[in-house]
Each structure stands twice: as C-alpha cells, then as structure tokens.
Amino acid sequence: MLKAVILIGGPLKGTRFRPLSLDIPKPLFPVAGLPLIQHHIEACIAVTNLKEILIIGFYPVTQLQQFINDMQSQYKVIIKYLQEFTALGTAGGLYHFRDQIRSGSPDAFFVLNGDVCADFPLTELYEFHRERSLTSLMTVMSTEATRQQSLNFGCMVVDKTTQEVTHYVEKPSSYVSTSINCGIYVFSLKIFNFMGETFNIKQEEYYKNDNGNVNKDAGYLQLEQDILTPLAGTGKILALQTTNWWSQLKTANSAIYANRHYLGLYKQKHPERLATGKKAEQCTIIADVHIDPSATIDSTAVIGPNVSIGPDVVIEAGVRIKESIILDSAFIGERSLILHSIIGRNSRVGKWARVEGTPSDPDPNKPFAKMENPKLFNNDGRLNPSITILGCSVSVPSETILLNSIVLPNKELSRSIKNEIIL
Ligand code: GTP
C-alpha cells in the first residue's frame, strides 16, 4: 500500500501569486479547469495501490473543507487535510503528522510540492525507488535546467552510475549543478528516524540559543536544507531524472503557462475535458480549450488556443479570447478581445474592450526551457512586462484598453491603463 502527501503551505506563502490568491487559496486556483492540487490528486490516484492522500498545510480547515469533501466523493481513495498549527516548513509538517503517514504501514509515501505543475511520473518514480529501497531512504525527481536557471532551485550533484545524490544545495549563490529538484519525492518510512534525529538536534539548538523570540516555531524543519543537504553523500538519497514537462506555479504568468501544458496533456489523458466546437450551438474553438459546461458562450465568439473558461461565465457575441484563463462568473461584453490575461471571478469586461498582457514564456526551441517566474519590478523599479490580471469583481468599462497591468479586486476602472498596478 502506498500513500501520498501534498504540501500546500498557507496564507502567508505564495505572495507572488497575488492578487489571484487574495480571494482563493493558491492550491485551489483553477488551472485547465481544475483546482491546482486536483492535478496532483489525479496523478496520485493513477498509481496502483495508492490508498490515502494527506494534504498538509496551515490554511484554516474552513478554506479547504468543501474541496476535500468534493475530492472524497469524486475519487475512491481517502483524502484528508491535516492543518499545521503554524508554518512548520516543508519537513516539519511531515514529521509532526508522522503517525498519520505511518499508520497502516505503507511501503512508501510520495511527497509532492503543491505548487509544482507536471506530467507527474509517479509510478516510474516508485518503481525506481522500490528496486533500491534496501539502501536508500528517498528518491528525488530531478530535471535539467540551464546553469543560470539552476540558481533558483535546489541543485544536486548526481553520480551518473549509481544515481546517488552526492551533494545538495538549495538555491546556491554560485553554480553547483544543472540537475534540479522538482519537489516530487518518494520516501521509505525509515526517513522518520533521520527526521527524528534532526528534529531533536534542532530543538536543542532552538532552546539553547533562545530562539523562542524568532518567528519560526521550534518544530520548523526544511526538507531541503535540514534533510536533503545532510543526507547527500551518504548513499541514502537517489535522484531520478525526468524529461516530462515540469514547472512551478509561483507567479500569475506561470499560471497561463501551466494552463497551456495541462490542456495539452488532456489530449492524451482526458480528451472529454477539451471543447471541440463541433456541436451546432458551440462557438469557434482553436484547440486546446476547456469550457465549463455551465458557461454561456455566443456562437460567434472565437476561443483559443490555450484558454480555460470557468463555471457560469458569460461571453457575448464576437468576443475573441486567446492564451487566457477566465474565472467563474466573469462576464465578457460583445466584441471584446482578451489576450494573455487572467480575468478574476465575477469580473466584468464591457463591450469593445481590449485586455492584453505580454507573456514571458521560455523559448520552446531552447534545450531545458523552463518558466522563469520573473520579478514583478525590474532593477529600475519599473513594472516588468506581465500578463494582464484582473482580481475578482473588477469592472472594465466598454471601449477601453488594459495593457500589461494588474488590477486588485473590487476596482471599478474608468479609463484605459498601460503598465500599471491599480491598488
Ligand atoms: P520559493 O522560491 O521561495 O517559493 O521556494 P520553493 O520553490 O523552494 O518553495 P517552498 O520551499 O517555499 O515551498 C515548496 C512547497 O512546500 C510549496 O508547495 C509550499 O506551499 C509548501 N510549503 C512551504 N512551506 C510550508 C510549510 O511550512 N508547511 C507546509 N505544509 N507546506 C509548506
């Protein structure tokens, strides 16, 4: 029997995802029509013998309960949310809830960072780990980045013959390796012995140094710095490299990128989730597009490629939408154009409006192309080119243009804007 843990952080994390995470926890933000971590859940349930999924974070239970209930009724595995009393770090929650993870004696358990997006090769990862589990405590999924990109990730030096991780540095200040940590792991239960030792040492240090005054809890443990770094070079961590698509969801820009890739994966795995435009009443579709069945779209609209349209959205005549996510209950008035943008829940775009952003996608022709998640502002303090984002319940008047701008929730715009953040 196998289990999986999805780490989702909490309200103070994911700040680069604002304003999209202001009204919905980031793990529930819909990408390709599904809450972000539902893609993780689907990858987990595809693994034979996976019986339980534990979602660990520090969001209040009330924000996750409906989602957990929906997932429980949709999938035939046990899905639970375990709330940390405060941020315990990427390993602190695993250690705190170790009894829940160990109960029923699973052969191994996966750990998935809730903010990664991927074509998760979990079965392959488990098979690789199982064959070597006598000596190894964990296997980390890795992928190749460029030298420059690697500095933003956990970097691993991997022995090419044994696949052992011989050295691990989280976000190094100078080049270490182009093999980076994907935030996707499989662990043997024995890992808790090592976590326990580390936990005890850190507790001693915490009280000895009077760290009670700092913000972090005494139980705070980081998987990367406190577990991977010291275990590297002991023969107990292995890495399995994947060439599957993988990215992180850090900024709103990366949501459009992930949306496109998840829609692409639907072609093989869930073609029923893609709109075809073949039904007489449907609008013109340029693949790939996901449209929630409850959306109302005029037959003269042209939608796609790479667009997701949420529940209860209304799209009027002659609208054109490309490379965008339209969240639930949004209204797009006739003849408007939406390009490289995210339109928040309940937002209203008037007639003949143009809402446009600039994507910062990696060049697909470059080897190891990865989404960069650029900073909001450049070194001169100017706004970097960005997709356009409307928070929830924003109103855009007819015949206006919004270009490369971010609008916080509940704003009623009265003019065109370019390269601005409307607070
Ligand atoms: P950044 O570039 O700073 O975002 O770092 P990172 O990519 O290494 O991400 P980070 O380590 O902050 O988080 C990795 C995953 O773990 C994300 O899905 C977070 O939501 C989750 N996470 C981070 N801190 C905590 C925590 O204290 N508790 C739990 N349960 N999850 C966490």
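Bear in mind that the values here come from a model prediction, so they are computed numbers and not experimental data.

Could you give an account of the packing of aromatic side chains, naming the residues involved and the relevant values?
Within this structure, the stated rule accounts for nine aromatic pairs. Here the aromatic rings of tyrosine 206 and tyrosine 207 are separated by 5.0 Å at their centres, their planes lie at 75°, and the arrangement is edge-to-face. By relative accessible area, which is 12% here, tyrosine 206 ends up buried. For tyrosine 207, a relative accessible area of 56% puts it in the exposed group. Three or more aromatic residues joined by ring pairs form one cluster here, namely Phe109, Tyr185, Phe187 and Phe192. Looking at lysine 26, its charged tip hangs above the ring of phenylalanine 17, at a distance of 5.7 Å from the centre. Above the ring of tyrosine 95, the side-chain terminus of arginine 98 is found at 3.9 Å from the ring centroid.

Talk me through helix α3 (residues 89-96); I want residue IDs and the actual numbers.
Of all eight residues in α3, six are buried, a share of seventy percent or more. Taken residue by residue, α3 has Gly89, Ala91, Gly92, Gly93, Leu94 and Tyr95 as its buried positions. Check the buried side of α3 and you find it contacts β1 (2-9), β4 (50-57), α4 (98-102), β6 (108-113), α7 (191-208) and α8 (223-231).

Mind laying out the domain arrangement of the protein, listing which residues take part and the relevant values?
With domains assigned, the protein is organised as domain 1 (2-248) and domain 2 (273-422). Summarising the inter-unit geometry, the C-alpha centres of domain 1 and domain 2 are found 32 Å apart. Facing the 19 residues of domain 1 at the interface are 20 residues of domain 2. Counting the surface lost from both domain 1 and domain 2, the interface buries some 1600 Å², and carbon and sulfur atoms represent 62% of this. Interface area lost by domain 1 to domain 2 is led by Pro19, Asp23 and Gln149, which between them contribute 30%.

Reading the values: the criteria
- Residues numbered from 1 in each chain as written.
- Predicted model: local features only at pLDDT ≥ 70, side-chain atom pairs only at ≥ 80, totals over all residues.
- Heavy atoms only, no water.
- Phe/Tyr/Trp six-rings, centres within 6.5 Å; stacked < 30°, edge-to-face > 60°.
- Buried < 20%, exposed > 50% of the residue type's maximum accessible area, 1.4 Å probe, protein only.
- Lys NZ or Arg CZ within 6 Å of the ring centre and 35° of its normal.
- Helix = DSSP H or I, 4+ residues; strand = E, 2+ residues; numbered from the N terminus.
- Contact = heavy atoms within 4.5 Å.
- Domains from an automatic or database assignment.
- Buried area = accessible area lost by both parts, 1.4 Å probe.

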